[in-house]
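What follows is the residue order along each chain.
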Amino acid sequence: MMALTKQSRRYWFETSKWRVFFPSAPTMSWCVFLMLFFIPSDAQIRYSIPEEMRKGSLIGNVAQDLGLDLKRLRSGRARIVTGENVQYAELKTDKGTLVVNERIDREQLCGDVTPCSFTFEILLENPMELHPVTIEVLDVNDNAPTFQSKQLDFEISESATTGSRFNLEAARDADVGENGLQNYVLNPNDHFVLKHIFKSDGSKTIYMTLQNALDREKEPRLNLKLVAVDGGSPQRSGTVNINIVVLDANDNAPVFNQSLYKATVTENSRKGTHVLTVNATDIDSGAYGQITYSFSTSKASTVDFFEINRDTGGIYISKEIDFEIQKKVVFSVDAKDKGGLTDTCEVEIEIIDINDNAPVINVMSFSSPVSEDSPVGTTIGIINVKDSDSGENGQVRCAVEGSAPVEVKSNVRNYYALVTNAPLDRESVSDFNITVIASDSGKPPLSVTKTFNLKISDVNDNPPVFTRALYSATITENNSPGFSVLSVVAKDPDENQNARVSYILEECDIGGSPVSGYISVNSENGVISAARSFDYEQTKQFLCVIKAQDGGSPPLSSNVTVKILVQDQNDNGPQVLYPVQTGGSLVAEMVPRSADVGYLVTKVVAVDVDSGQNAWLSYKLQKAADRALFEVGLQNGEIRTIRQVTDKDAVKQRLAVIVEDNGQPSRSATVIVNVVVADSFPEVMSEFTDFSHDKEYNDNLTFYLVLALAVVSFLFITCVVVIISVKIYRWRQSRVLYHSNLPVIPYYPPRYSDTLGTATLPHVYNYDTCRTTDSRKSDIKYMQPISQSLLDVGGNDSEDQQLKTRIAGSNMSTLSTISEDALPGTTVAVINVQDDDSERNGLVECSINNDLPFKIESSLSGYYSIVTDDVLDRESVSEYNITITVTDKGSPPLSNRKTIHVKVSDVNDNPPKFDESEYSRTVPENNSPGFSVFTVRARDADWGQNARISYFLEEKQINGASLNTLVSVNSESGVISAAKSFDYEQIKMFEFNVTARDAGSPPLSSVVPVKILVQDQNDNGPQVLYPVQTGGSLVAEMVPRSADVGYLVTKVVAVDVDSGQNAWLSYKLQKAADRALFEVGLQNGEIRTIRQVTDKDAVKQRLAVIVEDNGQPSRSATVIVNVVVADSFPEVMSEFTDFTHDKEYNDNLTFYLVLALAVVSFLFITCVVVIISVKIYRWRQSRVLYHSNLPVIPYYPPRYSDTLGTATLPHVYNYDTCRTTDSRKSDIKYMQPMSQSLVSVDDVGTESAQNGQQRSTASTLVRLYF
């Protein structure tokens, strides 16, 4: 509390709930008082502030007064809720304070009501809290007293007796309390004094009392001034002038029967309703006894609702009165006679409330969606219900209508909480409507409803459930890897991420190998694919477990067992176990000549590793010298005689037995059985000396030789044709250059000195040489660098001691390269270390830095090898710096270092990877060919050529057409373009695969599925099926004259081949001879009569019906319907002899012909203009070249110097060579660099060429000097 001055007066007011301290008026306008009290559920606070505070002024610290943390205000989304249109206060949640949001005018807010206050609520969520706040607005003296009239006019008789009263208009001050109207002052005069009377409502009635008699002859007019002052600080005042006209004698003033009249009236009473009648009497006679009634101007604002009869004093309602605005009206009525004398009475009218206001529901807060795991009793919303009526009319009841699991609870007056009364389950009901009904207790009761839509948000409370308890599938052996075996499907009743199911293959072993080596599962769609080619003979069946896991947090999962049976295929042919087929030796079965019928010669034994019918074997005799002598058992393979052996039978018998299985297709094996018909072994030997060998081998050999000859011949001829074609092409290119008409420009080149230092040539000749793309035919050659080099690195210490190191290796140049797939132990370089010192001073040690995947090994004395110590990966580290440190064991030890830079060359070990696992795009139909649909993009972690990606489409048939006729892919950029204009009515979607393949060797690739959806456009107009529009014949519908209203004349039937809203058709009547007779159904196209047919209606009726679709833009079709109003066919024929035909067809035909002619003419003229323009442009270009003024250069054939250094040529010729893109056709040839070079490097790293050899890029020999 602030300190008060000594002159301040103190007022204390106490109740059981709160206490207020009021200082005096001068101090009150600058103080803000805090009053706190608590209700059973939440705290209520009360502040007092003066009016007219600036926006942003502090009201109070809500967080501190309510005991709330600032974090609680932010997390609870604290806000102000009010049912008013204007929000006077603002909550600063970052500071927890209330500030003024709008300027507050107490007089505008409350009028004369005191105390003046407004109430709102502070709402917090999670958990929901409601804190009522009341702001009392204290009055400030900002309004001066005012009079309604600018001046007051009185006519007073000079015979008025002393003590006569004359009522004065009361002033009005919008302020209240001490700032309101306090006193009146009348300027001093000799006749009148000012007096006042307190009325029942606390206001004052002021009047003038005649103190001294008037004399009209002395003072016919009096001018007085009335001043009204308030009690504010500073004090404000208002003034009105009083003009008094003194009249001749009027002895008696009017007198009311009652000083106070009381009456009651119900609100909303109609205009003109009689309320009461006031009555005054005047005992004078004549004009001075006639009384007129009027409202006193002291309460001009309150009497706007009433009017008074000036003659009778009857008071009537002039406009409706609202109890909620004004509950009681008090005003004064003046009775005045013709002599100017008056009397005043007071009228008090009480307004009776009726139930004319329905409750109003204000939503303070409503939370939607609500989690389905919310406990019972969770608050989902708070509503405020108000009824402006009073008493029972303002008592409100609130309830929830229907079966929603929500009920209404009231904790604070007029505030209701919507809480759940049953568990929520989104899978059963995902959302429902809550209808709250609020009704009052009036008669009749009024009610209002408010509907809320509550959505239930999902919680991951349901695991995925497989559609089957056990999955079983069969796959044939020898399948291709990636073959789809089956799909497992699990469904999750949750939604969004909680319902996104991923499929995972549980780890287990099958025959000692992980299950992932047998099958894989697509995590998105559950497709189980074979990861390898199965072999029935190795694996007949296996079990695995698939887990379906959703994307919730935490995730839920379920498992299912999958049984996969491998089905045998006939992939193995029979294997003959006996007789054994040897390479060179001859095996024969001997049959004695005395053998009977059915003699068992031998038995062919074969097996098939397949199973089932694929392993059922059958034996057949394929070839035999004498088929009438032997037979083979179909099932057992036994070879028996079928007749008696005779002397005529040949000794040598050759049988070819074929063994077939029962598979589809069947496989077979052939075995040769040699049979000898003899009784003794010497007889057999004498016969088998010239036994012929099997010719089957020779037949096969001949076939393969012919095939090889044809292949080689084809390759040779192809090679010759290619060479001849290349030669002819280059010859033609060279002829173009030799016969060029380009001008010759004279050029004087600089002169060069002898570059070889021999100084044996008398002249120096300089030439310019221009190289082209064919320069490899020229006479100048460059040597390739050799594969070995020698690098000398020298360094001497202060004592002139040297440590010489020679390093020899294949990768010891300035930039050495090693493949990333080099195995550990691969030699990078070999070095030789020498120290010219002796004994211990000459002993050296070699080492390299330890943080590299290399190590140094000593192979021979003084020689060291640098080898790889680990696997290299270019994608991780692409290059290394190997520092070789050489140290002797002298005292002090001397050392030197050499750094080798090694680059890791790339190996194609990473396939391309697409940015997306699958692509799905939409293309509108009627697109232009070449339209870019979208771009697929893959990335390759390799480098160079191995990372160069090309894109290909798979070979596939879609609706009988090749995929290439639908789309194409740019092999470089991956842009997929439409190869044709799509038609949604023919193809709605198609799928294909795009392959990304790198340029490595061998190339690696990956595949991505692509789905193209064709989007329908409104490119087809409606087609009218009925009535059929014929060319010359006339079709009409007949309507009898007795047809009633709604008679079905016909029905227009139309279709649209588009889809969706593009195919929604509407029917409208475009033209009609009598629109008042027919109508067309908007949706069904039915033509019906809309009134009774009369005799005045024309017989011939012509209707034009337009059929429109709902596309953008819409398309339409028009059909002409001829209608005949007649009762008999002869009547129709007599009227229709001159029926005119439809001209619309001819009009349309003419339009399209003109349009076609214009288009064709435009295209023809455009084509001619383009051809002429191109011809003129080329002619002008050729003229520029032919008439060029460029100078001509003489050409001198070159003379070449001796390149071998023998110094036998008479002259030295030097040439300047300028290379172009076609320099390979010139006469100068450059030799490719040699593979050997020798380079010397001194101790500061400079290099010099030795023996004219270039530096090596493959292998290096380095000598180090210390």
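Look up: the structure comes first, before these words.
Report on the accompanying structure. These figures come from a predicted structure and were not determined experimentally. (Residues numbered from 1 in each chain as written. Predicted model: local features only at pLDDT ≥ 70, side-chain atom pairs only at ≥ 80, totals over all residues. Heavy atoms only, no water.)

## As for the overall build of the protein
- Each helix and strand in the protein was counted, giving 8 helices and 90 strands.
- In the protein, which comprises 1266 residues, the proportion classed as buried is 38%.
- Residue pairs at least 24 apart in sequence account for 67% of intrachain contacts in the protein once pairs closer than 6 positions are excluded.
- Put simply, the protein shows about 71700 Å² of open surface, and 52% of that area lies on carbon and sulfur atoms. (Helix = DSSP H or I, 4+ residues; strand = E, 2+ residues; numbered from the N terminus. Buried < 20%, exposed > 50% of the residue type's maximum accessible area, 1.4 Å probe, protein only. Contact = heavy atoms within 4.5 Å. Areas by Shrake-Rupley, 256 points an atom, 1.4 Å probe, with all protein chains shown as cover.)

## Looking at the sheet that holds strand β16 (residues 221–230)
- Across the sheet, which stays open at both edges, the 4 strands sit in the order β11-β17-β16-β13 with mixed pairing between neighbours. Looking at strand neighbours, the two that pair on one side only are β11 (151–157) and β13 (181–186), the edges of this open sheet. Across this sheet, the average inter-strand angle for adjacent strands is 25°, counted without regard to direction.
- Here β11 pairs with strand β17 (residues 237–247) via 7 bridges, running parallel. (Pairing = 2+ DSSP bridges. Axes fitted to C-alpha atoms, helices over the stretch in contact; angles between N-to-C directions.)

## Observations concerning the packing of aromatic side chains
- Tallying each qualifying case throughout the model produces 19 aromatic pairs.
- Considering the side-chain rings of Y518 and F542, the 5.6 Å spacing of their centres and the 50° angle between planes classify their relative orientation as tilted. With Y518 in the loop between β41 (513–514) and β42 (519–521) and F542 in strand β44 (residues 541–550), this residue pair connects regions lying 24 residues apart in the sequence. Of the two residues examined, Y518 and F542, each falls in the buried class. (Phe/Tyr/Trp six-rings, centres within 6.5 Å; stacked < 30°, edge-to-face > 60°.)

## Regarding the sheet that holds strand β50 (residues 617–624)
- The sheet built from 4 strands is open, its strands ordered β47-β54-β53-β50 with mixed pairing. Bordering the open sheet on either side are β47 (588–591) and β50, each of which pairs with just one other strand. The average angle at which neighbouring strand axes cross in this sheet is 35°, direction not considered.
- As defined by bridge partners, strand β53 (residues 652–661) adjoins strand β54 (residues 668–677) across 9 bridges and the pair is classed as antiparallel. Within the sheet, the bridge partner assigned to V659 lies in β54 and is A669.

## Digging into the environment of V1125
- Of note, V1125 is situated in strand β85 (residues 1116–1125).
- By relative accessible area, which is 1% here, V1125 ends up buried.
- Residues V1125 and A1043, spaced 82 residues apart in sequence, show a C-alpha to C-alpha distance of 9.5 Å.
- Apart from the residues lying within four places of it in its own chain, the contact partners of V1125 are V1039, R1041, V1093, A1098, V1099 and Q1101.

## Comments concerning unusual backbone geometry
- Residue P444 follows K443 across a cis peptide bond; omega there is -5°.
- Positionally, P444 belongs in the loop between β33 (431–440) and β34 (447–457).
- Of the consecutive residues Q664 and P665, the connecting peptide bond is found in the cis state with omega at -5°.
- Position of P665 relative to the elements: it lies in the loop between β53 and β54.
- You will see that N268, though not glycine, has its phi angle at about 65°, which is positive.
- Mapped onto the elements of the fold, N268 is located in the loop between β19 (260–266) and β20 (274–277).
- Judged by its relative accessible area of 28%, N268 falls in the partly exposed class.
- The phi dihedral of N959 is positive, around 55°, even though this residue is not glycine.

## Overview of the state of the cysteines
- Tallying each qualifying case throughout the model produces 1 disulfide.
- Residue pairing for C110: its cysteine sulfur links by disulfide to C116, the two sulfurs lying 1.9 Å apart. Here the disulfide of C110 and C116 is right-handed, its torsion about the S-S bond being about 70°.
- C110 gets classed as buried once you look at its relative accessible area, which sits at 18%.
- Summary of cysteine pairing: C544 is not part of a disulfide, and the nearest cysteine sulfur, belonging to C508, is at 6.5 Å. (Disulfide = S-S within 2.5 Å.)

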